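Residue-level structural notes
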Amino acid sequence: MSKTTKQVDEVVIRFAGDSGDGMQLTGGRFTETTAIVGNDLSTLPDFPAEIRAPAGSLAGVSAFQIKFSSKDIHTPGDKPDVLVAMNPAALKVHQKDIAPGGIIICNANAFTPKNLKFAGYETNPIEDKTLDDYYTLYSVEMGKMVALANEDLGLPPKTIERTKNFFALGLLFWIYDRPMEQTQDWLKVKFAKKPDIIEANIRAMDAGYNYGDTTEIFTTRYTVDKANLPSGEYRNVVGNHALSMGLAAAAERSKIGLFYGGYPITPASDILHTLSAWKHLGIKTFQAEDEIAGVTAAIGASFTGNLGVTATSGPGIALKCEAMGLAVIAELPLVVINVQRGGPSTGLPTKTEQSDLMQAMYGRNGEAPMPVLASSTPGDCFYVAYEACRIAVKYMTPVMLLTDGYLANGSEPWQLPKLEELPDFNVTFADESNLADGQFLAYARDEKTMARPWAIPGTKNLEHRIGGIEKEDLTGNVSYDPDNHHYMVETRAKKVDSIANEFGPTEVFGNPSGDVLILSWGGTKGACRSACEFLQADGKKVSHVHLRWINPLPKDLGEILIKFKHVLIPEINFGQLIKIIRSEFLVDAKGLNLVRGKPISSSDIQESVNALIG
């Protein structure tokens, strides 16, 4: 039978199976190959919360979604065009998300009576024709195919069975016209000491590719042209890795040491893992016994003239809050990274959420204002990390940086920046020139930034007090004077507010006035931008503003808000930015609040905007 080729602009694929089926690896290899081909892409890994749920269970399903396109895209897609389901549980969990008319590719060998019952099926969905009216179903005996391809290697059946994900990968490589050479080379490096494993996986991948090429059930291949991205050198980057590189770049540009003190917690742990491998860059990492020790060690490092950094997720921030207050009153530079996840308490440790904004803004005792900024894409994590470090040092203040599970684990093509083009990052430590009549005034302030001098312990004649008790203006001596306390509280707040003087004009995507302004922060930017583009193409008077800084807010934001009839704020929480916007600007903003452990979709936002317009 002849094969046809169809050109498409974009595709959304979701790989799903048991956490032991290698879905993250499969999705990662497809992503790397797609990046090499030159498509724009965005990914959404979806991990199960259980370390190892029972095989075949709904709770143990692991998934990886990728959207790739010949155009500029902003999200990993709302609904998959293709679902690769390695077992009945994967189909059960993800079938409802598939686009109408979409493709389902199932591993038929896994649809056994035991697995069907475990997933809650009374009949076999790949045989009872219940899917045929809604989807294009391909039932493929992947387990049988890899067993035949590797029957002469003498490997245990379980080892051969594990290669079925590479069969699925090879089949998808054929369907979407992707090369296999890069993955073959990757396997040779990954399993350099296990040649039989290399051979088994390559055979499985070849079998999948050849199955698509020779079988009669697959009649169409799809091609997606290269995206027209700005010229430059690109790499496929994951959010946590980009953030780690941003921290390293800040240390390099500032010429001061980077010290990271932290405690492992999902989904922030990869920051510690990444930085600990960069000792050759002069980066010091400390895996503390708990969250409190991690942040206090970072504060101690800042006191000694290093760039102190700590990272965690929401439950860890709850433990660090007292120490953050110490950094506020001591006025020491510190970067606190919160990779948000589903809460409260342990909540949904592997799922994404935006529910820690109020905690970032107000989660400390006393009047303890901290600058708060948030990244918007995996690649943006680099720039936000760099900015957080720069602001912390320039203004001598702890800074809260918010990302989330979606950004931390997701990936996108990222144009490599040039270090010399990053904002200047100059550091000046106090010396004897800071003495006034022979006395060091530890809380004398810079006229522009209101930052106090950064004095390194052991510097001659710069002895000064440090700690959590209120300080006297200028001298830094302990003070219980009520007027002094009021002044110091007010001054610390003004210092944070003054950061807004550095912001340029706020970008409005679309007209400066209209029916609806979509206002976003953090990882919802992509979905909001996609929705806005679609609505504008439909003739709607809709614009989009995205906030990188939440504290302080841009000075021109109020003037922008009042020019729109409606303001819509999509958030993966029950309405946190909306409370801040309403209180600061007295506008009747409306919220789109979905707390499902996954990103808000572009279609959800479009529906809400259309409801507002009427």
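That block above? That's the structure.
For the structure given in this document, a descriptive report is provided here. (Residues numbered from 1 in each chain as written. Predicted model: local features only at pLDDT ≥ 70, side-chain atom pairs only at ≥ 80, totals over all residues. Heavy atoms only, no water.)

**Concerning the pattern of salt bridges**
Under the counting rule described, the total for this entry stands at 23 salt bridges. Where Lys-351 meets Asp-46, a salt bridge forms, and the shortest distance between an N and an O atom there is 2.5 Å. Residue Lys-351 is found in the loop between β13 (334–340) and α13 (357–362), and its partner Asp-46 is found in strand β3 (residues 40–46); the two are separated by 305 residues along the sequence. Residue class for Asp-46 comes out partly exposed when judged on its relative accessible area of 26%. Here Glu-502 makes a salt bridge to Arg-390, at a shortest N to O gap of 2.7 Å. Here Glu-502, found in the loop between α16 (482–497) and β19 (514–521), pairs with Arg-390, found in helix α14 (residues 380–394); they are 112 residues apart in sequence, far enough to count as distant. On the accessibility criterion, Arg-390 (10% relative accessible area) is buried. One salt-bridge network, held together by shared partners, links Glu-387, Arg-390, Lys-394 and Glu-502. (Salt bridge = Lys/Arg side-chain N within 4 Å of Asp/Glu carboxyl O. Helix = DSSP H or I, 4+ residues; strand = E, 2+ residues; numbered from the N terminus. Buried < 20%, exposed > 50% of the residue type's maximum accessible area, 1.4 Å probe, protein only.)

**Notes on the sheet that holds β13**
One open sheet holds the seven strands; their spatial order is β11-β10-β12-β13-β15-β14-β21, and the pairing between them is mixed. The sheet is open, and its two edges are formed by β11 (284–287) and β21 (549–551), each paired on a single side. When strand polarity is set aside, the average angle formed by the axes of neighbouring strands in this sheet is 20°. The sheet contact formed by strand β10 (residues 258–262) and β11 spans four bridges and is parallel. The residue of β11 that forms the bridge with Phe-259 is Lys-284. (Pairing = 2+ DSSP bridges. Axes fitted to C-alpha atoms, helices over the stretch in contact; angles between N-to-C directions.)

**Describing the pairing of strand β12 (residues 307–312)**
Burial analysis of β12 places six of its six residues in the buried class, which makes it a mostly covered element. Burial of the side chains of β12 extends over both faces: Leu-307, Val-309 and Ala-311 are buried on one face and Gly-308, Thr-310 and Thr-312 on the other. Relative to β12, β10 is paired through three bridges, and the arrangement is parallel. Residue pairing in the sheet places Phe-259 in a bridge with Gly-308 of β12. Summarising the sheet, β12 and β13 pair through five bridges and their orientation is parallel. When the sheet's bridge partners are listed, Thr-310 is paired in β13 with Val-336. What joins β12 to β13 is helix α12 (residues 314–330), and the crossover it makes is right-handed. (Right-handed = clockwise from strand over helix to strand, strands pointing away.)

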